[in-house]
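# Remarks on the overall topology
The lines below spell out each chain.
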Amino acid sequence: MSFLQQKTLSGARVKHFKNTENCASVEIPLPKEVCISMSQHMGPPCKPTVAKGDSVKVGTLIGDSDAFLSAPIHSSVSGTVKDVTELVTSNGARTQVVIIETDGEQAVEEGIQPPVVSNHPEFVKAIRASGLVGLGGAGFPTHIKMNPKNLSEVDTLVVNAAECEPYITSDYRTIVERSQDILDGIEAIKKYVGISQVKIAVENNKPQAIELLRRLTAEDPSIEVCSLRSIYPKGAEKVTTYETTGRVIQEGMLPSDVGVIVENVTTTAFIGQYMRTGMPLVSKCLTVDGDAIAEPKNVIVPVGTHYADLVAFCGGYKKPPKKMLMGGPMMGIAVFDDAYPVLKNNNALLVFSAEKVYVSEEHACIRCGRCMSACPYQLMPRQIEVAAKNNDIEKLKKLKVMLCMECGCCSYVCPAKRNLTFSNKLAKQQLRAATAKK
Ligand code: SF4
Ligand code: SF4
């Protein structure tokens, strides 16, 4: 029996804190400048195609790459390139950024019009040109997903609307506010990728979204809206695929290997919108929340907006900020400065005060097994921790550490407060380094 088939209900029962689910998304006033990173997708970064002093418009191409795993980057504003410089990212790496001073006009690049698409290769080309990447957080270039090696064997689209991370409600708002875009995106994918069945996965803590989507798709027998039990991390790609189709994505496999394309719901909505307008990916809706934020909201912003501008729009800090997260509390990445810019795949900005942030002391493992029970892939996080400490590469392989998606469930449930997710992360690096050395 495979890893998922035995335990479909593992995971962590986290509190939802969906405080902003009824906050309609609102557009931020145009900021004075944006800072657009050249690293906004999985894969090598883009190279800037503009220089200091250049004029740009909304939708102007400002970065691209010849690498297979990449997606072009477009200006989200009209204005003048103030600088092309470097930014230190949250993991300490450096990346190039294009800083643009806005002119308040928001003039649109000439020639932007709906793409002319009549077949699969043209669809893939159009999606690449749009700069679309997975908007649920992963940032995987979408045109690559739309062009699997085994295209004729792929029959199912899973639209991932589970949004299982606490606090985040931007996907929920997409369902409520942009349902036609979602349906148009699904139709385009069905038509050009040759998909015969669609599963829309929604956690059952969003009954209105389930009811709305079921009503809108009632006449289409190829689309099923699947209500998933609300246990984190139901939105993880492998988990969602298994819950909706019963197909198991084993270690080293892609969803397309089991005939599935998994696409986040906001990514799907963008495809619908892009096929209608031709405007590349230049803006993003984020949930801004956390106890340090005065007025939590769902905010639509130009890509590259500084976090400080978002916070100001949300009433500023009501308590001194202690921790700022790009993404949710389970898988989000800590950022050290509110000058950091919004990226394409950024779906939330959470800011917490010292009252909500504490670093617990690690204690000795009591062998309770909770970490293993909580792991959606039935990994053995404590064993991995020990093997990593001993630099036992063969054991790490046997323990299938590369399956770990760093969801945080094991750390969350551990009564000894062991930082298992972090040690898994390091263990994966150890294994990668050892394999590369070989
Ligand atoms: S972080 Fe990794 S080991 Fe821990 S529960 Fe998630 S997938 Fe399992
Ligand atoms: S949950 Fe914590 S204490 Fe329990 S077995 Fe895992 S590491 Fe040990």
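Up top is the structure these notes are about.
Residues numbered from 1 in each chain as written. Chains lettered and ligands numbered in written order. Predicted model: local features only at pLDDT ≥ 70, side-chain atom pairs only at ≥ 80, totals over all residues. Heavy atoms only, no water.

## With respect to the pattern of salt bridges
- Inspection of the entire model under this criterion finds 26 salt bridges.
- With its nearest N and O atoms 3.0 Å apart, the salt bridge here joins arginine 247 to aspartate 155. Taken together, the positions of arginine 247 in the loop between α6 (237–245) and β12 (260–264) and aspartate 155 in the loop between α2 (142–145) and β9 (156–161) put the pair 92 residues apart, joining distant regions of the chain.
- For arginine 247, a relative accessible area of 22% translates into the label partly exposed.
- Judged by relative accessible area, which is 26%, aspartate 155 ranks as partly exposed.
- Ionic pairing is found between lysine 397 and glutamate 394, a salt bridge with its closest N-O pair at 3.3 Å. Placement of the pair is lysine 397 and glutamate 394 together in helix α11 (residues 393–398), with a separation of three residues, close to one helical turn.
- Residue lysine 397 is classed as partly exposed on the basis of its relative accessible area of 37%.
- For glutamate 394, a relative accessible area of 45% gives the class partly exposed.
- One connected set of salt bridges, linked through shared partners, spans Glu362, Arg382, Glu385 and Arg418. (Salt bridge = Lys/Arg side-chain N within 4 Å of Asp/Glu carboxyl O. Helix = DSSP H or I, 4+ residues; strand = E, 2+ residues; numbered from the N terminus. Buried < 20%, exposed > 50% of the residue type's maximum accessible area, 1.4 Å probe, protein only.)

## Some remarks on the site of ligand 1
- The environment of ligand 1 is formed by 13 residues, the closest being Cys375, Cys404, Cys407, Cys410 and Asn424.
- Considered class by class, the residues forming the shell around ligand 1 number nine nonpolar, three polar and one charged. (Near = heavy atom within 4 Å. Nonpolar A, V, L, I, M, F, W, Y, C, P; charged D, E, K, R; others polar.)

## Considerations on the site of ligand 2
- The immediate surroundings of ligand 2 are formed by Cys365, Ile366, Arg367, Cys368, Gly369, Arg370, Cys371, Arg382, Cys414, Pro415, Ala416 and Leu420.
- Taken together, the residues of the shell around ligand 2 break down into eight nonpolar, one polar and three charged.

## Observations concerning the environment of valine 58
- In this structure, valine 58 sits in the loop between β4 (55–56) and β5 (61–64).
- For the pair valine 58 and alanine 436, spaced 378 residues apart in the sequence, the C-alpha separation amounts to 42 Å.

## A word on the packing of aromatic side chains
- Here the structure, examined in full by the defined rule, presents five aromatic pairs.
- For the ring pair tyrosine 307 and tyrosine 340, a centre distance of 6.0 Å and an interplane angle of 45° mean the geometry is tilted. In this pair, tyrosine 307 sits in helix α8 (residues 307–313) while tyrosine 340 sits in the loop between β16 (333–335) and β17 (348–353), placing the two residues 33 residues apart along the sequence.
- Judged by relative accessible area, tyrosine 340 falls into the buried class, the value being 8%.
- An aromatic cluster of three or more residues is present, and its members are Phe17, Tyr167 and Phe352.
- Taking the ring centre of phenylalanine 313 as reference, the NZ or CZ of lysine 297 above it sits at 5.4 Å. (Phe/Tyr/Trp six-rings, centres within 6.5 Å; stacked < 30°, edge-to-face > 60°. Lys NZ or Arg CZ within 6 Å of the ring centre and 35° of its normal.)

## With respect to the sheet that holds strand β3 (residues 47–48)
- Pairing is antiparallel across the open sheet formed by three strands, whose spatial order is β3-β5-β6. Since the sheet does not close on itself, it has two edges, and those belong to β3 and β6 (73–74), each with one partner.
- Here β5 pairs with β6 via two bridges, running antiparallel. Note on β6: the bridge partner recorded for glycine 63 is isoleucine 73. (Pairing = 2+ DSSP bridges.)

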